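Structural characterization, general
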Amino acid sequence: MQFLLLLLIVFQDVVPFKPKSEFEVKIDLSFKEKRKQGDGSQSNFTIDYTETVEQRNKKLSGNQLPYLELKIKFNLLSADEEKVKIVNNLGKIVYSKKADVNTVIRLDLGYIDDVKDEVTPNDYNVILLNSEKKEIDRINIKITKEGTFLVNNEKRGKF
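Residues numbered from 1 in each chain as written. Predicted model: local features only at pLDDT ≥ 70, side-chain atom pairs only at ≥ 80, totals over all residues. Heavy atoms only, no water.

Some remarks on the sheet that holds strand β5 (residues 104–111)
Within the open sheet, the three strands sit side by side as β1-β2-β5. Their pairing is antiparallel. Looking at the sheet topology across the chains shown, the edges are occupied by β1 (23–33) and β5. For this sheet, the mean inter-axis angle between neighbouring strands, taken without regard to orientation, is 20 degrees. By the bridge criterion, eleven bridges tie β1 to strand β2 (residues 64–74) in an arrangement that is antiparallel. Paired with Glu 33 across the strands is Gln 64, a residue of β2. (Pairing = 2+ DSSP bridges. Helix = DSSP H or I, 4+ residues; strand = E, 2+ residues; numbered from the N terminus. Axes fitted to C-alpha atoms, helices over the stretch in contact; angles between N-to-C directions.)

Concerning the environment of Phe 31
Here Phe 31 shows up in strand β1. The exposure class assigned to Phe 31 is exposed, which follows from its relative accessible area of 55%. The sequence separation of Phe 31 and Pro 66 amounts to 35 residues, and the corresponding C-alpha distance is 4.5 Å. Those residues within four positions of Phe 31 in sequence are excluded, and the remaining contacts are Gln 64, Leu 65 and Pro 66. (Buried < 20%, exposed > 50% of the residue type's maximum accessible area, 1.4 Å probe, protein only. Contact = heavy atoms within 4.5 Å.)

Quick notes on the nonpolar core
One recurring pattern in soluble globular proteins is that nonpolar side chains are buried together. Formed by 24 residues in total, the largest nonpolar core has its most connected members in Phe 74 and Ile 141. For this core, the secondary structure elements donating two or more residues are β1, β2, β3 (83–88), β5, α3 (112–116), β6 (123–129), β7 (135–143) and β8 (148–151). Looking at which element gives the most residues to this core, the answer is β2, with four residues. With near-sequence residues (within four places) excluded, Phe 74 lies in contact with Lys 18, Glu 22, Phe 23, Val 84, Asp 100, Val 101, Ile 105, Val 126, Leu 128 and Ile 139. (Core = buried A, V, L, I, M, F, W, Y, C linked by side-chain atoms within 4.5 Å.)

Quick notes on the sheet that holds strand β9 (residues 154–158)
Pairing is antiparallel in the open sheet, where six strands are placed in the order β4-β3-β6-β7-β8-β9. This sheet does not close on itself; its edge strands, each paired only once, are β4 (93–98) and β9. With strand direction ignored, the average angle separating the axes of adjacent strands in the sheet is 15 degrees. For β6 and β7, the ladder comprises seven bridges, and the chain directions are antiparallel. Across the sheet, residue Val 126 finds its bridge partner in β7, namely Ile 139.

Pasting the structure below:
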């Protein structure tokens, strides 16, 4: 029984990577303010007479952190590729719609430090499905702990 299960796993169909000429993945990097949970400061315009000038400057300058979003666009879809689904490494479906060449999919990854530290998901599979919901092609997007940005196991940069 275990041998049969092992054979099924070994010979299981692996969904192939979509050819890189048929899609684009663009980085949209911005800087956003990150507030800590329970942080009582609602505005930079409030005055706290107990804090020093150094504490105030640190609070104002230390909140802007690099924030990563990706723009995914298909240049070419085969006749079978009807639906696109994006699943993160936690198994959560973060996107599911009809596949279209003219649509730009925005994938919000979050703060780069959180992604690298694996506080938030760091691995996404963009899966293209046919009408019977069979997986046709996929695009794997991953950011390693070292900050290497990989698309289908090909290095595209480093954060």
